[in-house]
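Commentary on secondary and tertiary structure
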Amino acid sequence: NEEAVIRIAHLDTGYSLTHFAVPDSIKNNRLQRNFVDGEAAQDAHDPLKDGFLKMPGHGTGTLAILAGNKIRIPTDEGLFNDYLGAAWFAEVVCCRIASSVVLLKTSAFAEALNYITQLSTGGTLVHVVSMSMGGAPSVSWAKAINAAYEAGITVVSAAGNNFNGLPTRHVIYPARFKRVIAACGVTHDLQPYYSIKPGEMQGCFCPERHMKKALAAFTPNMPWASVAGNNIGFNGAGTSCATPQIAAAAAIYYKKYQAALIRLE
């Protein structure tokens, strides 16, 4: 029997049209959507416009970790010649929901997640959502999360970052919802992504009641697809980098056990 398609929704700032780490299959996916006001609804690419508080390229960086192309780059350990993204086999549905990680419009996330849920309940199954953004919660967010959960979608969202405790050390929404996996960070030496160095970014965590469904992945110093230099650096940081790793792990789980999971439905 033909293997079922494993599908991941990537909710972020969109993808670069020119970066070599972004597969053509993602750029050409007919299911992609754009929820930013004034932009083409069926085109989720990131126009990479600079400006106050904008972070062009964030979605390209997280997408490359999630499902990036096969690449060849030199490293300190020798030549890397493999897929950059852990879930390279998955079909990725990009949803551009903001022009910046700090300019997330509340309604855009709910609209995008509802769209993904409707795809899944309509027969185009979406198995995982990767969301490396966050903000202030709303009733519409809670309803969208509940609907996605009840449709069998695994939602992974960044726990958030802070600088010396500001704006908060606690897990942010939507990662704080009980039906969302909160993506936290762990450093290369298997220590918590926590620092007391002035001005150094660190991951959010706690209160304890919100950590029962938290998972951690490596950050900082992750491979990061930079749109500025059209290259791969090793300066990826924050729980934004942890999120696609955990989402990819969920997709790998679905791929490995898809036959058994289908029988359970």
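Here the structure is shown first, and the text comes after it.
Attention here is on the structure that accompanies the text. Once a new chain begins, its residue numbering starts again from 1 and follows that chain's sequence as written. In keeping with the model being predicted, local features are shown solely for residues with a pLDDT of at least 70 and side-chain atom pairs are shown and tallied solely at 80 or more, while totals for entire chains, interfaces and linings include all residues. To get the side-chain values, take all heavy atoms of the structure and skip hydrogens and water.

**A closer look at the overall build of the protein chain**
Tallying secondary structure elements over the protein chain gives six helices and 13 strands in all. Against the compact-globule benchmark of 18 Å for 265 residues, the protein chain has a radius of gyration of 17 Å, which places it among compact chains. Principal-axis analysis of the C-alpha atoms gives the protein chain an extent of 50 × 45 × 40 Å. Sorting the 265 residues of the protein chain into buried and exposed places 49% on the buried side. Contacts spanning at least 24 positions in sequence make up 75% of the contacts within the protein chain whose residues lie at least 6 apart. Accessible area of the protein chain: about 13000 Å², with a carbon and sulfur share of 55%. For the purpose of charge, His is not counted, nor are the chain termini; Lys and Arg are scored as positive and Asp and Glu as negative. Note on charges: their place is set at NZ of Lys, CZ of Arg, CG of Asp or CD of Glu. Charge separation in the protein chain, taken as the distance between the mean sites of 22 positive and 19 negative side-chain charges, equals 7 Å. Secondary structure counts use DSSP, requiring at least four H or I residues in a row for a helix and at least two E residues in a row for a strand, with both numbered from the N terminus. In this setup the radius of gyration rests on C-alpha atoms only. A globule is expected at 2.2 Å times the number of residues raised to 0.38. Remark: exposure states derive from per-residue accessible area (1.4 Å probe, protein chains only) relative to the maximum for the residue type, with buried under 20%, exposed over 50%, and partly exposed in between. It only takes one pair of heavy atoms within 4.5 Å for two residues to be counted as in contact. Only the protein chains shown count as cover for residues, and all accessible areas are computed by the Shrake-Rupley method using a 1.4 Å probe.

**Focus: the sheet that holds strand β6 (residues 128-131)**
At least two DSSP bridges between two strands are required for those strands to pair. The parallel open sheet is built from seven strands, whose spatial order is β2-β5-β1-β6-β7-β9-β11. Looking at the sheet topology across the chains shown, the edges are occupied by β2 (33-34) and β11 (214-218). The sheet contact formed by strand β1 (residues 7-12) and strand β5 (residues 91-96) spans six bridges and is parallel. Residue pairing in the sheet places Ile8 in a bridge with Val92 of β5.

**Digging into the nonpolar core**
Side-chain atoms within 4.5 Å link the members of a nonpolar core, which is a set of buried Ala, Val, Leu, Ile, Met, Phe, Trp, Tyr and Cys residues. Core analysis: the largest hydrophobic core is formed by 29 residues, its most contacted members being Leu11, Cys95, Ile97, Phe109, Ile116 and Val129. At the level of secondary structure, the elements contributing two or more residues to this core comprise β1, β5, α3 (106-121), β6 and α4 (139-150). Per element, the largest residue contribution to this core is eight residues, and it comes from α3. Excluding residues within four positions of it along the chain, Ile116 makes contact with Ala9, Leu11, Val93, Cys95, Val126, Val129 and Ile153. In this structure, Ile8, Val92, Ala247 and Tyr254 belong to the second largest nonpolar core, which totals 24 residues.

**Re the side chain of Arg176**
Here Arg176 lies in the loop between β8 (161-163) and β9 (181-186). By definition here, a salt bridge exists when the distance from a side-chain nitrogen of Lys or Arg to a carboxyl oxygen of Asp or Glu is within 4 Å. Although buried, Arg176 forms no salt bridge, and the nearest oppositely charged side chain, Glu208, lies 12 Å from it. Discounting chain neighbours no more than four positions away, the residues touching Arg176 are His170, Val171, Pro207, Arg209, His210 and Lys213.

By themselves, these figures tell us nothing about what the structure is for.
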